[in-house]
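One-letter residues, chain by chain:
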Amino acid sequence: MANSENEKILRKMADAFKELAATVNSQTADMEVAPFSRACSLVSPLFGCLGIAFKFAEMDYVAKVGDLAEASKSIATLKVMLDRDIEGNCVRKAGSHTRNLLRVKRGLDMVRVLFEQILATEGDSLKDPASKAYAQVFAPHHGWAIRKAVAAGMYALPTKAQLMKKLNEDEASARIQMQHYVAASSSVILYIDKLFLSRELGIDW
Ligand code: 1PW
């Protein structure tokens, strides 16, 4: 259903990630937790537009972004956030900020691949784009039960036309915003990967 709440979701996402990417590309300042978590929260409504089957993905993502927003009240930058968890020996502990950041980063990456696939795919079905995005980003980290549930959810996705309607976009305007998000989120995702790898935390867990 199209409503004002969904107005310009794509534009808001794209603009927020363009700003984050500008910070990354300037290489003058470390990424701050507050603007990062705000930008991530703008992606949540998109999950809600992908149908009831992705309600669990949305809830998990929203909770983890909420944890990062809470962290931003006392921790300035993503670097400091990771370093504190390293000092506290709780990097991989369930619910740690660092672990939640890795999960949220995967959510951003899945949306990036989803958009890339939508941009490259003819036709009205989102099943192939969404399946490819999931297979590339999340499936390697999920057990059998979650993979099966997600595969079932792929049949309950809206069509591309239905998604456009929910997002209040026509196809041409949506393509432009998707392209902006793909480019900008790539820089942000690379930055986060580098944060993890430079501290030898790994990104495959
Ligand atoms: C946008 C295209 C549609 C595909 C959406 C697929 C999303 C799949 C995510 C489903 C995750 C919901 C179940 C929660 C899994 C958690 O166990 C897991 N979280 C994630 C994001 O992988 C690990 O969370 P944890 O243990 O660190 O709290």
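Residues numbered from 1 in each chain as written. Predicted model: local features only at pLDDT ≥ 70, side-chain atom pairs only at ≥ 80, totals over all residues. Heavy atoms only, no water.

## Section: the packing of helix H4 (residues 55–71) against helix H6 (residues 97–120)
Phase 1: The geometry of H4 relative to H6 is characterised by a closest axis approach of 9 Å and an angle of 130° between their N-to-C directions. In terms of orientation, H4 lies oblique with respect to H6. Note on packing geometry: the crossing formed by H4 with H6 is left-handed. The residues of H6 that touch H4, namely those facing Tyr61, Lys64, Val65, Asp67, Leu68 and Ala71, are His97, Asn100, Leu101, Arg103, Val104, Gly107 and Leu108.
Phase 2: Split by residue class, the contact of H4 with H6 holds 7 nonpolar, 3 polar and 3 charged. (Axes fitted to C-alpha atoms, helices over the stretch in contact; angles between N-to-C directions. Helix = DSSP H or I, 4+ residues; strand = E, 2+ residues; numbered from the N terminus. Parallel < 35°, antiparallel > 145°, perpendicular 65-115°, else oblique. Left-handed = near helix turned anticlockwise from the far one by under 90°. Contact = heavy atoms within 4.5 Å. Nonpolar A, V, L, I, M, F, W, Y, C, P; charged D, E, K, R; others polar.)

## A closer look at the packing of aromatic side chains
What characterises a pair of aromatic rings is the spacing of the ring centres plus the angle enclosed by the ring planes.
Phase 1: The tally for this structure, following the rule as stated, stands at 4 aromatic pairs.
Phase 2: Measuring from ring centre to ring centre gives 5.5 Å for Phe115 and Tyr181, while their planes differ by 75°; the resulting arrangement is edge-to-face. Residue Phe115 is located in helix H6, and its partner Tyr181 is located in helix H10 (residues 171–198); the two are separated by 66 residues in the primary sequence.
Phase 3: Relative accessible area serves as the criterion here: at 1%, Tyr181 is assigned to the buried category. (Phe/Tyr/Trp six-rings, centres within 6.5 Å; stacked < 30°, edge-to-face > 60°. Buried < 20%, exposed > 50% of the residue type's maximum accessible area, 1.4 Å probe, protein only.)

## A word on the site of the ligand
Phase 1: Residues in contact with the ligand amount to 14 residues; listed here are only the nearest, Asp60, Lys64, Arg99, Arg103 and His142.
Phase 2: Within the contact set of the ligand, a nitrogen atom lies 3.0 Å away from a side-chain nitrogen or oxygen of Asp60.
Phase 3: For the ligand, an oxygen atom lies 2.6 Å from a polar atom in the side chain of Arg99.
Phase 4: For the ligand, whose accessible area on its own is 710 Å², the fraction buried by protein is 82%.
Phase 5: Looking at the shell around the ligand, the elements with two or more residues in it are H4, H6 and helix H7 (127–137).
Phase 6: In terms of residue class, the shell around the ligand is made up of 9 nonpolar, 1 polar and 4 charged. (Near = heavy atom within 4 Å. Polar contact = N/O pair within 3.5 Å; in protein donor to acceptor, adjacent residues only side chain to side chain. Areas by Shrake-Rupley, 256 points an atom, 1.4 Å probe, with all protein chains shown as cover.)

## Re the pattern of salt bridges
Phase 1: Under the defined criterion, the tally for this structure stands at 10 salt bridges.
Phase 2: Asp109 is paired through a salt bridge with Arg112; the nearest N and O atoms lie 2.8 Å apart. Of this pair, Asp109 and Arg112 both sit in helix H6, 3 residues apart, which is roughly one turn of that helix.
Phase 3: Glu171 is the salt-bridge partner of Lys160, the closest N and O atoms lying 3.4 Å from each other. With a gap of 11 residues between them, Lys160 in helix H9 (residues 160–166) and Glu171 in helix H10 connect regions that are remote in the sequence.
Phase 4: Through salt bridges that share partners, Asp109, Arg112 and Glu116 make up one connected network. (Salt bridge = Lys/Arg side-chain N within 4 Å of Asp/Glu carboxyl O.)

## Let's talk about the UniProt feature "domain: Glycolipid transfer protein" (unreviewed entry) in the chain
Phase 1: In the UniProt entry, the feature "domain: Glycolipid transfer protein" (unreviewed entry) is given for residues 32–169.
Phase 2: Its end C-alpha atoms 31 Å apart, residues 32–169 is made of 67% helix and 0% strand. (UniProt positions renumbered as here; feature names shortened; annotations may be inferred.)

## Describing the nonpolar core
Phase 1: In this structure, Phe17, Phe36, Leu78 and Phe115 are the most contacted members of the largest nonpolar core, which totals 66 residues.
Phase 2: Sequence-distant contacts of Phe17, that is, excluding residues within four places in its chain, are made with Ala39, Cys40, Val43, Leu108, Tyr181, Ala184, Ser185 and Val188. (Core = buried A, V, L, I, M, F, W, Y, C linked by side-chain atoms within 4.5 Å.)

## Describing unusual backbone geometry
Phase 1: Although it is not a glycine, Gln27 adopts a positive phi angle of roughly 55°.
Phase 2: One can find Gln27 in the loop between helix H1 (9–26) and helix H2 (33–41).
Phase 3: In this model, Glu200 sits at a positive phi of 55°, which is unusual for a non-glycine residue.
Phase 4: Its location among the elements puts Glu200 in the segment after H10.

## Looking at the packing of H6 against H7
Phase 1: The geometry of H6 relative to H7 is characterised by a closest axis approach of 8 Å and an angle of 140° between their N-to-C directions. Read as a crossing pair, H6 and H7 show a hand that is right-handed. In this structure, H6 contributes Arg106, Asp109, Met110, Arg112, Val113, Leu114, Gln117 and Ile118 to the contact, and H7 contributes Pro129, Ala130, Lys132, Ala133, Tyr134, Gln136 and Val137.
Phase 2: Its residues assigned to classes, the contact of H6 with H7 comprises 9 nonpolar, 2 polar and 4 charged.

## What about the side chain of Lys64?
Phase 1: Here Lys64 lies in helix H4.
Phase 2: Here Asp60 takes part through its side chain, which lies 2.7 Å from a polar atom of the side chain of Lys64.
Phase 3: What Lys64 contacts, discounting residues up to four positions off in sequence, is Asn100, Arg103 and Val104.

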